[in-house]
Amino acid sequence: MIVSSTCVPLPAREALCADRGGFRGEEARVVAEAVARPGRLKVFLGAAPGVGKTYRMLDEGRRRADRGTDVVVAFVECHGRRMTEAKLAGLEMLPRAERDYRGSRFAEMDLQAVLERRPEVALVDELAHSVVPGGSPAKRWQEVEALLAAGIDVITAVNIQHLESLNDVVEKITKVPQHETVPDEVVRRADEIELVDLPPEALRRRMAHGNIYAPEKVDAALSNYFRIGNLTALRELALLWLAGRVDEALQKYRAEHGIGGVWETRERVVVAITGGPEGDTLIRRAARIAARSAGGDLLAVHITRSDGLAAGASASALIRQRALVESLGGSYHSLVGDDVPTALTEFAHAENATQLVLGTSRRGRTERFLTGRGTGETIVGLSEDIDVHMVTHERAGGGRLLPSRRQTLPTSRLIAGPVLGLVLPLVLTFLLDHTRGSLNLTSEALLYLLVVVGVACVGGVVSALVASVTASLLLNYWFIPPVGEFTIAEPNNILALVVFAVVAGTVAAAVDRSLRLSRRAARATAEAETLSSLAGSIVRGDQAVPALLERTRETFGMDSVELVDDPVVGDASVVQVPVGGGARLVLRGRPLPSSDRRVLAAFAAHVTVAVERARLAEAAAEIEPVKAADRMRTALLAAVSHDLRTPLAAGWAAIESLRASDVEFSEEDRNELLATADESMARLNRLVENLLDMSRLQAGALKLDLRATHLMEVLPAALDGLPADTPDVDVLSLEQAPAVLADPPLLERVVANLLSNAARHTPPGRHVLLTASAFDDRVEIRVVDRGPGIPAADRENAFVPFQRLGDTDNTTGVGLGLALSRGLAEAMGGTLTPEDTPGGGLTMTLSLPAALPVPV
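### Regarding the overall build of the protein chain
Line of reasoning, step 1. A tally of helices and strands in the protein chain yields 26 helices and 23 strands.
Line of reasoning, step 2. Of all 856 residues assigned to the protein chain, the portion counted as buried reaches 42%.
Line of reasoning, step 3. Contacts spanning at least 24 positions in sequence make up 70% of the contacts within the protein chain whose residues lie at least 6 apart.

### Thoughts on the confidence of the model for the protein chain
A low pLDDT means the predicted coordinates there should not be read in detail.
Line of reasoning, step 1. When pLDDT is averaged along the protein chain, the result is 76, and 74% of the positions lie at 70 or above.
Line of reasoning, step 2. Considering each helix and strand of the protein chain separately, the mean pLDDT is smallest for helix α1 (residues 10-20), with a value of 37, and largest for strand β6 (residues 121-124), with 95.
Line of reasoning, step 3. Counting interchain partners and residues more than four positions distant, the pLDDT-below-50 stretch residues 804-815 has 28 contacts.

### A look at unusual backbone geometry
Line of reasoning, step 1. Non-glycine residue R118 carries a positive phi angle of around 45 degrees.
Line of reasoning, step 2. By the secondary structure assignment, R118 is in the loop between α5 (111-117) and β6.
Line of reasoning, step 3. The partly exposed category is assigned to R118, whose relative accessible area is 23%.
Line of reasoning, step 4. One non-glycine residue, K175, adopts positive backbone phi at about 65 degrees.
Line of reasoning, step 5. If you trace the backbone, K175 turns up in the loop between α7 (167-174) and α8 (184-188).

### Focus on the nonpolar core
Line of reasoning, step 1. Within the largest apolar cluster, 66 residues are counted, with the highest numbers of intra-cluster contacts made by L123, L147, I160, V182 and V187.
Line of reasoning, step 2. The element best represented in this core is helix α11 (residues 228-256), accounting for six residues.
Line of reasoning, step 3. With residues up to four places along the chain from it excluded, the contact list for V187 reads V43, L127, V158, L163, V182, I193 and W241.
Line of reasoning, step 4. A718, V751, L754 and M844 belong to the second largest nonpolar core, which has 37 residues in total.

### Some points on the sheet that holds strand β9 (residues 268-272)
Line of reasoning, step 1. Read from one edge of the open sheet, five strands run β11-β10-β9-β12-β13, paired in parallel fashion. In this open sheet, the two strands that pair with only one neighbour each are β11 (331-336) and β13 (387-391). Across this sheet, the average inter-strand angle for adjacent strands is 25 degrees, counted without regard to direction.
Line of reasoning, step 2. Alignment of strand β10 (residues 297-304) against β11, held across six bridges, turns out to be parallel. Bridge pairing in β11 links L299 to S331.

### Things to note about helix α9 (residues 200-208)
Line of reasoning, step 1. Buried within α9 are the following residues: P200, A202, L203 and M207. Each buried residue of α9 lies within a common arc of 165 degrees when the element is viewed along its axis, so the set occupies one face.
Line of reasoning, step 2. Just downstream of α9, G210 is the residue with a positive phi angle, here 80 degrees.

### Points about the pairing of β10
In regular strands, side chains alternate between the two faces of the sheet.
Line of reasoning, step 1. Summarising burial for β10: seven of the eight residues are buried, a large majority.
Line of reasoning, step 2. Bridge count for β9 against β10 is five bridges, and the pairing is parallel. The partner of V271 across the bridge, within β10, is A300.

### Thoughts on helix α24 (residues 711-720)
Line of reasoning, step 1. Among all positions in α24, only L711, V714, L715 and A718 are buried. When α24 is viewed along its axis, its buried side chains cluster within an angular range of 120 degrees and face the same direction.

### Observations concerning the pairing of β9
Line of reasoning, step 1. For β9, a buried count of five out of five residues is recorded, marking the element as mostly surrounded by other parts of the structure.
Line of reasoning, step 2. Burial of the side chains of β9 extends over both faces: R268, V270 and A272 are buried on one face and V269 and V271 on the other.
Line of reasoning, step 3. Sheet topology note: the β9/strand β12 (residues 355-359) ladder contains three bridges and is parallel. Paired with V270 across the bridge in β12 is L356.

### Structural notes on the packing of α9 against helix α10 (residues 215-223)
Relative placement of two packed helices is described by the angle separating their axes and the distance separating the axes.
Line of reasoning, step 1. Contact geometry for α9 and α10: axes closest at 9 Å, N-to-C directions at 155 degrees. Compared by their axis directions, α9 and α10 come out roughly antiparallel. Contacts between α9 and α10 pair R204, M207 and A208 from the former with V218, A221 and L222 from the latter.
Line of reasoning, step 2. Taken together, the residues of the contact of α9 with α10 break down into five nonpolar, no polar and one charged.

### Comments concerning the packing of aromatic side chains
Line of reasoning, step 1. Across all of its chains, the model carries four aromatic pairs by this definition.
Line of reasoning, step 2. Between the aromatic rings of Y213 and F226, the centroid separation amounts to 5.9 Å while the plane-to-plane angle is 90 degrees, which identifies the pairing as edge-to-face. In this pair, Y213 sits in the loop between α9 and α10 while F226 sits in the loop between α10 and α11, placing the two residues 13 residues apart along the sequence.
Line of reasoning, step 3. F226 gets classed as buried once you look at its relative accessible area, which sits at 1%.

### Some details on the environment of R56
Line of reasoning, step 1. By the secondary structure assignment, R56 is in helix α3 (residues 53-66).
Line of reasoning, step 2. Other than its neighbours up to four places away in sequence, R56 contacts F44, E194 and V196.

Criteria and thresholds
Residues numbered from 1 in each chain as written. Predicted model: local features only at pLDDT ≥ 70, side-chain atom pairs only at ≥ 80, totals over all residues. Heavy atoms only, no water. Helix = DSSP H or I, 4+ residues; strand = E, 2+ residues; numbered from the N terminus. Buried < 20%, exposed > 50% of the residue type's maximum accessible area, 1.4 Å probe, protein only. Contact = heavy atoms within 4.5 Å. pLDDT = per-residue confidence, 0-100. Core = buried A, V, L, I, M, F, W, Y, C linked by side-chain atoms within 4.5 Å. Pairing = 2+ DSSP bridges. Axes fitted to C-alpha atoms, helices over the stretch in contact; angles between N-to-C directions. Arc of directions from axis to C-beta. Parallel < 35°, antiparallel > 145°, perpendicular 65-115°, else oblique. Nonpolar A, V, L, I, M, F, W, Y, C, P; charged D, E, K, R; others polar. Phe/Tyr/Trp six-rings, centres within 6.5 Å; stacked < 30°, edge-to-face > 60°.

Right, dumping it as structure tokens:
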């Protein structure tokens, strides 16, 4: 656990500084290290007062004290409990600070006294307690933070109702507001959390025996806060909160140890959204369900279908709800499915979902009676082992925002339509027969026509035809003279019956046409929404071929979608679509209707583009190394033709002068010419070695001999290779630094290059600093200069080969020093990073792995 120094109140910091000021030499160093190391925090967590947190805290303190640990009681409140007070025996108790507040005197923890006493472990009770005004921190947990920052280990206790995130939940359960709270993060980042658990019945017995509160308070407590239901709920909250903390620790352990296998079942929660106003409520409810298990996944799915529900959805609402899902860490999915329950459950099973969250029906009672079984009930029947949550919302039972237009009528209406077509005309006949003589033939025909229209609205054209035939026969037999026969005596009655049949058929046809047009419009809207969602995903950058294949599988509810080069032989459940370049998009699962194939063609077009882009990117990636090698070859030629010419010419001129027979050189001149030739050859040798090493690095042909290497082994050779006019190099702490895992000759080259670069930019009269220190399992070597430094925006350019950043004179080198140094460092498993030198200049930090464990 790491606690920022900003958590330490100002007086506490001053106390620390004052205390440290009394030490000298080694003592000051030890104290400084102790202060720099934050203390460890252990928390005893309880579900309710009286479970034994303070008792366990004192027991832990006594156990550590018996082992020889310096333990003090900084603040403990026993509340008159004899068994708890007995645990104080043998423990050192620090005096409390007396404070006056509103005419009363209170005893609080003396933070300053604890800091001055500086024990190894401090026992601090009631972590969520609000401190009486008069001291710097306002909360006990802030005092604990100050102790931890001072390097003091703290053992403390807190109840679950005092955690900030559960404050409102506890108030709803117990009807008692909690005014003292502690941020969850304070407890969550504790090094140890131990649950002090006690069954509700045992806690109530402890209460009844007078071991928690005074006898006069027992009855009231047992009847209110300490009821069985309250204690059970608080215990569950404590167990769930701690379980989440254990899951976090497990995930951290798995990540640190690189464990990728599944050790537990992960919750995957699917929430179905329609674009209606209830979507926000459903998403938040599903997010809370997923959050109960560490690593739980939240998947929101919107199914576009031709029944009017998707067509009536608000596009802006879907956009907002998608943003909400993603802000909660979930993912958004859009599917096309003619049958919503089937599409939703197939998606949930394909994603290995464990929970399915739905909103309760927006249909009213009348609509539910007429249409029968709803989507939610059907999904419950299809969910199998997936838990289904039906969440209520403000629109439940209030009717739809827009009338639903079904693509196909539900089974209940398909059955009810023909039945009504037979039954309703018979019922109407029975009623009219009992009122015979009160209505004329026209009125009776209109009533039959009304029945036919009603049946057409319920069951469609087939039901309307059944009702029309039945009504015509009954009207003819019972009400058209001669009554009781199917013959018609008067021509007017024949006309009336014909008109009735034509009108009934026309109404039925109109209803059927309206349904078909509605289906087409809804289908067009559904396709437009799906393609719009696809286009949006591509605009957001989801263009990878695997992402498009997965989106295609989700959208059409298929078992698998893959991209193949050869045709696949299969049955009707295998759908193949060419995507260009001889490749095919193969979908396996269910037969697709022609309407879905039109949308699939659009997906195939996007896949074609993605495949082509992937091929172009692959071709570009293959060309890039060739281009890089070409650039390197060009740069090498430029270096050979320009930068190598200077030392070669200088050395050649010196040797030619010495070989001249017509000039007599003095001993001093001869030595100077020999020194010039020697320096030129050495410089030429360094340039050639750098060029060769850079070529090996680029080609991946550099062989390494990594072994334990002490820095003092390579330092003399690195210093000897520097030019004679190099400023002095101050060497600090290299002898104490651990050995590094490196190739000695390459490490020597890196150090020499870094020193040479620092010397080049160090002003006259200033020194170059070389120092080393151990950090964790690595050793950091720093080369510090006091030159002009490098702007942050240009630092990476300094590591580009053949680049002399800011130099106008390229006669002193080819700009390979830093580029080669970084390449060699990375080859040995290290890093090379530039930093600002405090006060001006540049610090190059070479970090290498330590050969042996670094002493702590």
